[in-house]
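# Descriptive structure summary
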Amino acid sequence: MELLVASAVGLMTACGVYLTLRKRTFPVIVGIAMLSYAVNVFIFASGRLAIGLPAIITEGASYTDPLTQALVLTAIVISFGMTALIVMMALGAFLETGDDYIGMEDDADAPTPPQEGQK
Amino acid sequence: MSLALIAALPFLGALLPGLLIRAGRNACATVTGLVTALALLGILLHAPAVMRGEVITTRIEWLPALGLNVNFFLDGLGLLFTGLILGIGLLIILYARFYLSSKDPMGQFYAYLLLFQGAMVGIVLSDNILLLLIFWELTSLSSFLLIGYWKHLPEGRQGARMALTVTGAGGLAMIAGMLILGNIVGSYDLTVILQNKDLIQGSEWYLPALILILIGAFTKSAQFPFHFWLPHAMAAPTPVSAYLHSATMVKAGLFLMARMWPVLAGTPEWFYIVATTGLITMVMAAKIALFKDDLKALLAFSTVSHLGLITMLLGFGTTEAAMVAVFHIINHATFKAALFMSAGIVDHETHTRDIKRLGGLRHLMPITFTIVCISALSMAGIPPLNGFLSKELMLEESTHAIWAGNHWVMPVLATIGAMFSVAYSFRLIAHTFLGPVRDDYPAKPHDPGFGMWAAPAFLAALVIAIGIMPMTTVGELVRATASAVTGTEVEVYISHWHGFVPALWMSIIAVGAGFILLGLHRPLDRIWLATPRPEAKAIFDAILEPFARASRAIIDRLHDGSLARYLAVATLTILAAGIYAYQTGTHSPGTRALTPIEPVPAVGWLLLMGATASLFTFHRNRLLALVLVGVIGLMVSVGFVYLSAPDLALTQISVEVATVMLLLLALNFLPKDSPVESTVARRSRDGIIAGAAGLGIGALIFALMTRDSAFQTIADFHLANSKPGGGGTNVVNVILVDFRGYDTFGEIIVLGIAGLVIYALVEALLRGGPANDRLLAWVPDQKRAGDRHPLMLVVATRMILPIALMVGAYIFLRGHNEPGGGFIAGLVVAIATIMQYMASGFGWAAARQRIDYHALIGWGVTIAGLCGVGSWFAMRPFMTTNFGYFKLPFIEKFELATAAIFDLGVFLTVVGAVMLALASISRIAIRAGETVNVEPFDIQPDEEPTTEGVR
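No experiment lies behind these values; they were computed from the predicted model shown. (Residues numbered from 1 in each chain as written. Chains lettered and ligands numbered in written order. Predicted model: local features only at pLDDT ≥ 70, side-chain atom pairs only at ≥ 80, totals over all residues. Heavy atoms only, no water.)

### What to know about the interface of chain B and chain A
What counts is decided by this rule: Residues are treated as being in contact if the distance between any of their heavy atoms lies within 4.5 Å. When two components associate, each loses some accessible surface as probed by a 1.4 Å sphere; the sum of these losses over both components is called the buried area. One side-chain nitrogen of Lys or Arg within 4 Å of one carboxyl oxygen of Asp or Glu is enough to make a salt bridge. Polar contacts, as used here, are pairs of N or O atoms within 3.5 Å; protein pairs need one atom able to donate a hydrogen and one able to accept it. Residues neighboring in sequence count only if both atoms are side-chain atoms. Polar here means any residue other than Ala, Val, Leu, Ile, Met, Phe, Trp, Tyr, Cys and Pro, which are nonpolar, and Asp, Glu, Lys and Arg, which are charged; Gly is therefore polar.
Listed per partner, the contact involves 110 residues of chain B and 88 residues of chain A. Ranking the residues of chain B by area buried against chain A places Leu 643, Glu 677 and Met 705 of chain B at the top, with a combined share of 8%. Where chain B touches chain A, the interface holds three salt bridges. Ionic pairing is found between Glu 677 of chain B and Arg 24 of chain A, a salt bridge with its closest N-O pair at 2.9 Å. Counting across the interface, chain B meets chain A through 20 residue pairs in polar contact (both at pLDDT 80 or more). Broken down by class, the residue content of the side of chain B that touches chain A amounts to 71 nonpolar, 22 polar and 17 charged.

### Brief notes about the environment of Asn 882 of chain B
All names here are of chain B. Applicable threshold: Secondary structure is summarised from DSSP: a helix means a run of H or I of at least four residues, a strand means a run of E of at least two, and numbering begins at the N terminus for each. Accessible area is worked out with a 1.4 Å probe on protein chains only. A residue is then buried under 20% of its type maximum, exposed over 50%, and partly exposed in between.
Here Asn 882 lies in the loop between helix H37 (853–873) and strand E3 (883–886). Here Asn 882 falls in the partly exposed class, since its relative accessible area comes to 37%. Along the primary structure Asn 882 and Leu 279 are separated by 603 residues, whereas in three dimensions their C-alpha atoms are 67 Å apart. Leaving out residues up to four positions away in the same chain, Asn 882 has contacts with Ala 874, Arg 876, Leu 896, Ala 897 and Thr 898.

### Observations regarding the packing of aromatic side chains
Residues and elements named next belong to chain B. Counted only if it meets this: The criterion for an aromatic pair is that two Phe, Tyr or Trp rings (for Trp, the six-membered ring) have centres within 6.5 Å, with stacked assigned to planes under 30 degrees apart, edge-to-face to planes over 60 apart and tilted to the rest.
Across all of its chains, the model carries 20 aromatic pairs over all chains by this definition. The interplanar angle of 75 degrees and the centroid separation of 5.2 Å between the aromatic rings of Phe 109 and Tyr 149 together place this pair among those described as edge-to-face. With Phe 109 in helix H5 (residues 106–125) and Tyr 149 in the loop between helix H6 (129–147) and helix H7 (154–185), this pair connects stretches of sequence that are 40 residues apart. Residue Phe 109 is classed as buried on the basis of its relative accessible area, which comes to 0%. In this structure Tyr 149 comes out as buried when scored by relative accessible area, which is 3%.

### A word on the nonpolar core
Counted only if it meets this: To define a nonpolar core, start from buried Ala, Val, Leu, Ile, Met, Phe, Trp, Tyr and Cys residues and group those joined through side-chain atoms within 4.5 Å.
Grouped together as the largest cluster of nonpolar side chains are 195 residues, with contacts concentrated most on Met 178, Trp 229, Leu 264 and Trp 270 of chain B. The leading source of residues in this core is helix H16 (residues 319–350) of chain B, at 19 residues. In terms of nonpolar packing, the next biggest core, distinct from the first, is built from 125 residues, Met 12 and Ala 70 of chain A together with Leu 615 and Leu 670 of chain B among them.

### Observations regarding the domain arrangement of chain B
All names here are of chain B. Put simply, the test is: The domain boundaries here were taken from an automatic or database domain assignment.
By the assigned domains, chain B splits into domain 1 (1–160 + 230–264), domain 2 (265–523) and domain 3 (709–951). Taking the mean C-alpha position of each, domain 1 and domain 2 sit 24 Å from one another. The contact between domain 1 and domain 2 buries some 3,400 Å² in all, and 77% of this surface belongs to carbon and sulfur atoms. Looking at the side of domain 1 facing domain 2, the largest losses of area belong to Met 51, Tyr 95 and Trp 261, adding up to 21% of the total buried there. Counting the contacts that link domain 1 with domain 2 gives zero salt bridges. Where domain 1 touches domain 2, the interface holds 12 residue pairs in polar contact (both at pLDDT 80 or more). Per-element accounting of the side of domain 1 that touches domain 2 gives the leading share, 13 residues, to helix H4 (residues 76–99).

### Topic: the pairing of strand E1 (residues 56–63) of chain B
The test is simple: Any two strands are treated as partners once DSSP identifies two or more bridges connecting them.
Direction of pairing for E1 of chain B relative to strand E2 (residues 68–74) of chain B: antiparallel, over a ladder of seven bridges. For Ile 60 of chain B, the partnering residue across the bridge sits in E2 of chain B and is Val 70 of chain B.

### Re the pairing of E2 of chain B
Consecutive side chains along a regular strand alternate between the two faces of the sheet. Counted residue by residue, E2 of chain B has seven buried out of seven residues, so it is predominantly covered. The two faces of E2 of chain B match: Leu 68, Val 70, Phe 72 and Leu 74 of chain B on one face and Asn 69, Asn 71 and Phe 73 of chain B on the other face are all buried.

### Some thoughts on the packing of helix H27 (residues 622–642) of chain B against helix H28 (residues 646–667) of chain B
All names here are of chain B. To keep things clear, this is the line we draw: To define axes, lines are fitted to C-alpha atoms, for helices over the stretch in contact only, and angles between the resulting N-to-C directions are given on a 0 to 180 degree scale. Throughout this description, any angle smaller than 35 degrees is read as roughly parallel, any larger than 145 degrees as roughly antiparallel, any in the 65 to 115 degree range as roughly perpendicular, and the remainder as oblique.
In contact at an axis separation of 8 Å, H27 and H28 are set at 170 degrees when each is read in the N-to-C sense. Taken together, the axis directions place H27 and H28 in an arrangement best described as roughly antiparallel. Counted together, Arg 622, Leu 623, Leu 626, Val 629, Gly 630, Gly 633, Leu 634, Val 636, Ser 637, Phe 640 and Val 641 of H27 and Pro 646, Leu 648, Ala 649, Gln 652, Ile 653, Glu 656, Val 660, Leu 663, Leu 664 and Leu 667 of H28 form the full contact between these two elements.

In structure tokens form, the structure reads like this:
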């Protein structure tokens, strides 16, 4: 199971990083969402994996680590708030400029016109 | 009043001017004055005890392990300085009220002034050198704001920057020196350090510590060769100059030397560094002051000169000289503040500070003339004013100082310094006020109103009072202060007549020669202007230029404006750090047993991996990408269920729904595809970076999961105390609302702020401008469904709503003992409500709900906060849960806990924030031409309903 979780975290991170390196707002937002999944699962897994041992106190049971779960729970809600915020910023920027390109670099790296038929 | 409270008062008060400026300028100035007066009152209540020789202390342990405690103490020296800072502060507040024009943002000014005042009070009251350093740096920062207050003036900005660079850099050196000192003694408490003179002076680290601390003091007090920043800081408004450069900022360096005097002074190193620097500064600055035509520049160099004088006295290292230094600090503060304010009055009324364009103001501005006359004569050292008394004593002390075996150097140079001082003081009076009345003033000069001259007049009265009755007025204060500086009981005897002592002759020579110098001013000025001089600002800029160029070169490469580049640089840096840590550490294989892989989770894993891999490939099709994100989120939630985290699963899945809705709504207005615009090489490069990052993170978490914790985890504590301490069996929820309730409190505030910012953003977009125009001319880029509100969806959501609310209430109530809680309940309720918006239309739904989302956020945070405060009344720390078990007839025994109130706050904030975010997007849609329906089942107005139904 550890291997599955680790590989999932790794792939989600890679996907998130790749998407955040794109030059348009939407993929970057999706990339950040992917990174939050990866980070949340990472923090959760740092409490070690346990199956069928929820942290609900009952007589004579053993439990998984509740602390990382509490940390991740708020992290999930906060990352929603942050995603909502950057989505609105991206939307606002697009509506203001008519473009969703996200760089402010000088001409050297300026957006090349979309090349048709290269999907 | 507690000393900690006195130090905190100006900081707390700094919030008020910004608020009260809306009630008018008088209210703003009054409240600032009240705050200062209150702090001054607090100090004065302690004064009788301090005068008796007691030391008042306030001790609060903060980080005892680091030796960092919030300790304050008040002795004679602290009393003198707090009195100066707050007393002159009051006068400045009064003066500034009338000095600032209606165009200047006065709220800002008083807020900065109070910040600065608080930092200064903090310095002089600190009993912990680390705390002192914090306040020290705060004065640099707040003075930067004050000096650069007139942001539109380039000189103001440059002067502020120079002051910050010089004093900030000096502060860094001082930090190092203070740390060495703390290390030698083994304590960072000032009172402990001050008792270890022999230990410090015997240490081989004494000299480095001394030099570093002195760099800090010299930069702050504008001593040679760091004096150049002070004249440039004169670009500030005059009240700032008067405050910073007469009584506070520049005196901080002197304060520090006086404070450290018992342990650092008395050695040859101290004498040669401090006394020599002071002497050079005094003579050199006095000479420059004579040739300055700008009134404030003249006063600035005169300030530098007088600071040099006091530094020199402290450098002599004798108790008598220290006593004189203390006395001169008082005198200088009185006459110099009065002079600065008068210079401001002249500038205010005539619109120029150029002495060469002034003259003859005696009859036009008689009140100002009188004030300047008294103060300047005191500065020149003319009897019987207070400046005379301290200058006589200074000259007397200089005759006792032996510089490298030479008895003559000190007294001769001191007399020359005094001579220049006489000359520029008289020049100030003669060239500004005496002479014929001119007809070419830039504005018609006249005396200002009472409010403006009241403060300098009060100070001028003090100058006379101290001058005539020194022992009655300040004798006790000087004694208490000098005793505190030197650590021994000091006898104070100040009088006008000491007999025909050398000091008297030196004084007479200085006054006579000063008059001759003034008479020769015109030819001397020509020579001065003809001789080349090093221009401090040019040198300063030349030194800084390479640094600026180097940092610009680095920034241009790393931060060229491309977001992708920042992120790539950041990722690579973290990767490099990880690789370095991996290579330098030792490793052994993990010992923890692996959990077995079951077939069902393996299928979930396949789905997750497949969706993620597809996202790589198809991310350009944004709608598809969103669907894939949904799949991934779902699988993550399922994973949480399987791995014993029911709370997380519930949260994740509800957040997932809300996120996808939000992104869908936003995508409606964004392009539906991402164009291909980076080259293959670039994409491969990004792919390699991403792959390496993924590999690193995956390997790291695998390594972590296959090993046991290196330290005992604190999870056991939470498990053991959840039921007895927090009264709940769901440990995750108890952690959220109790153990780490403070974190949760912060997080709901962040969430609430995010919701409000989104609202504000949309508000700004819709107020007008390109975004608004674009929305008004919006043409949907996709074919719309003819059936805008499908019957099935409308009916289903309406049936679901009461059930969903019930589920929300249930999840909320069970949260403390079973999976659930405020976060999840909030999300469930928010989603159920959003469903109404989506199904029945914004207008229809909005007309039927009467709750203001802003208020929801506000109430949520307030309730959670009040619940935390409630614990105080039960004499327990903030956010401690209280709970009890109750029994009512016909119902099982049940529990009531204050945590539920806190959770209610969480619930309300979550609902408010999520709803506000989504409702804001709907407003954009309405602006883009979406009609607001009044009926639940309306149809797309531009299309006839067809039998084909939904496309």
